[in-house]
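Here is how the chains run, residue by residue.
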Amino acid sequence: MKGNSSSLRVSLRLLSAGLVSEEVIKDDTKLVGGSGLSLCDSNDNSKKSETNKALRNHQVLLAAHLEEAAELAAMIQGLSWALKLVVKSIQFFCDDDSIILDYVTDKVAPPNESIVVAKLLKQLALLQTSLTSCQTLPLQRSDDDINSSSLIKLARDAIASQTTWHTNTEEYETCPDCYAHVSPRHKLEVRSGYFHPICFTCIRD
Ligand SMILES: [Zn+2]
């Protein structure tokens, strides 16, 4: 989906979700991150554009406050993405009950040991100066439930896209249940709690 250029001149809402999950890739367990991003019309909330990205920032993946760091990194990716689309006026949203909203709006400073979180907040503040208008608002949970679940799905897809590897002829993934290396052709369904499908043998069992 691509917004047309006239719609991108008005103020848009930016919604983001950042996730990190422990994934088995080949025989290693790694932390893998992904973000889901969506730009919506600020009047009628219709979706203008959406995308997802891998979160590869090692500082984020090693951060003490991993969930907060992942959410902030997703917001940074979201603002950079909006700027590339020449959006100049943004309302972006944080969970109502999230400490991130307090950090971003300067109500609360992150604790001293959250070095990565503090760095990300600085990066976010710097990006905001490139916009003509940027408001941070609390997310109204009930209105945005559908939006949040589609964002989480986008973030999960970004994670799943990083868990495969290739040989000359085939693509492989590790079954999260039995750790077998299987071709995605032999994997069927996504079970709740997993970001990617389990293998045929596990489904039969
Ligand atoms: Zn299996």
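Residues numbered from 1 in each chain as written. Predicted model: local features only at pLDDT ≥ 70, side-chain atom pairs only at ≥ 80, totals over all residues. Heavy atoms only, no water.

(A) Broad picture of the overall build of the chain. Secondary structure summary: the chain contains six helices and eight strands in total. The N-to-C order of helical and strand elements in the chain reads β-β-β-α-α-β-α-α-β-α-β-β-β-α. Out of the 205 residues belonging to the chain, those deemed buried represent 44%. If you take every contact in the chain between residues at least 6 apart in sequence, the share linking residues at least 24 apart comes to 61%. (Helix = DSSP H or I, 4+ residues; strand = E, 2+ residues; numbered from the N terminus. Buried < 20%, exposed > 50% of the residue type's maximum accessible area, 1.4 Å probe, protein only. Contact = heavy atoms within 4.5 Å.)

(B) Just the sheet that holds strand β6 (residues 165-166), in detail. Read across the sheet, three strands follow the order β6-β7-β8 without closing on themselves; strand pairing throughout is antiparallel. Looking at strand neighbours, the two that pair on one side only are β6 and β8 (181-182), the edges of this open sheet. Taken together, the two bridges between β6 and strand β7 (residues 171-174) define a ladder with antiparallel strand orientation. Residue pairing across strands places H166 opposite E171, the latter belonging to β7. (Pairing = 2+ DSSP bridges.)

(C) Expanded view of the coordination of the zinc ion. Protein coordination of the zinc ion is provided by C175 (SG), C178 (SG), C199 (SG) and C202 (SG), with donor distances spanning 2.2 to 2.4 Å. Metal-centred angles of 107 to 112° between the four donor atoms at the zinc ion mark the site as tetrahedral. All donors to the zinc ion come from one chain, and their sequence spacing reads C-x2-C-x20-C-x2-C. Highlighted residues: C178 in the loop between β7 and β8 and C199 in the loop between β8 and α6 (200-204), separated in sequence by 21 residues. (Donors = N, O, S within 2.8 Å, 3.2 Å for Na, K, Ca; no water. Tetrahedral: all angles 85-135°; square planar, octahedral: opposite > 155°, others 65-115°.)

(D) Inspection of the pattern of salt bridges at higher detail. Applying the stated criterion across every chain yields a total of three salt bridges. With a closest N to O distance of 3.1 Å, K47 and E50 form a salt bridge. (Salt bridge = Lys/Arg side-chain N within 4 Å of Asp/Glu carboxyl O.)

(E) Spatial organisation of unusual backbone geometry. For K26, which is not glycine, the phi dihedral falls at a positive 55°. Residue placement: K26 occurs in the loop between β1 (12-25) and β2 (28-41). At D106, a position not held by glycine, the phi torsion is positive, near 65°. Looking at where D106 falls in the secondary structure, it is placed in the loop between α3 (99-104) and α4 (115-128).

(F) Structural context of the environment of Q59. On the secondary structure map, Q59 appears in helix α1 (residues 58-61). Sequence spacing of Q59 and K119 is 60 residues, and the spatial spacing of their C-alpha atoms is 9.9 Å. Leaving out residues up to four positions away in the same chain, Q59 has contacts with V116 and K119.

(G) Here's a closer look at the packing of helix α2 (residues 66-84) against α4. Relative orientation of the contacting elements α2 and α4 amounts to 20°, with a least axis distance of 10 Å. As the angle between them shows, α2 and α4 are arranged roughly parallel. Seen from above, α2 lies across α4 with left-handed handedness. Every residue of α4 that contacts α2 at E68, A69, L72, A73, M75, I76, L79, S80 and L83 is listed here: V116, V117, L120, L121, Q123, L124, L127 and Q128. The residue inventory of the contact of α2 with α4, partitioned by class, reads 13 nonpolar, three polar and one charged. (Axes fitted to C-alpha atoms, helices over the stretch in contact; angles between N-to-C directions. Parallel < 35°, antiparallel > 145°, perpendicular 65-115°, else oblique. Left-handed = near helix turned anticlockwise from the far one by under 90°. Nonpolar A, V, L, I, M, F, W, Y, C, P; charged D, E, K, R; others polar.)

(H) Main features of α4. End to end, α4 covers 20 Å across 14 residues, agreeing with the expected 20 Å (1.5 Å per residue, within 8%). For α4, the set of buried residues is V116, V117, L120, L121, L124, L127 and Q128. The buried residues of α4 occupy an angular sector of 135° when projected down its axis, which confines them to one face. Exposed positions of α4 whose direction lies more than 90 degrees from the buried face are I115, K122 and L126. (Expected span 1.5 Å × (residues − 1). Arc of directions from axis to C-beta.)

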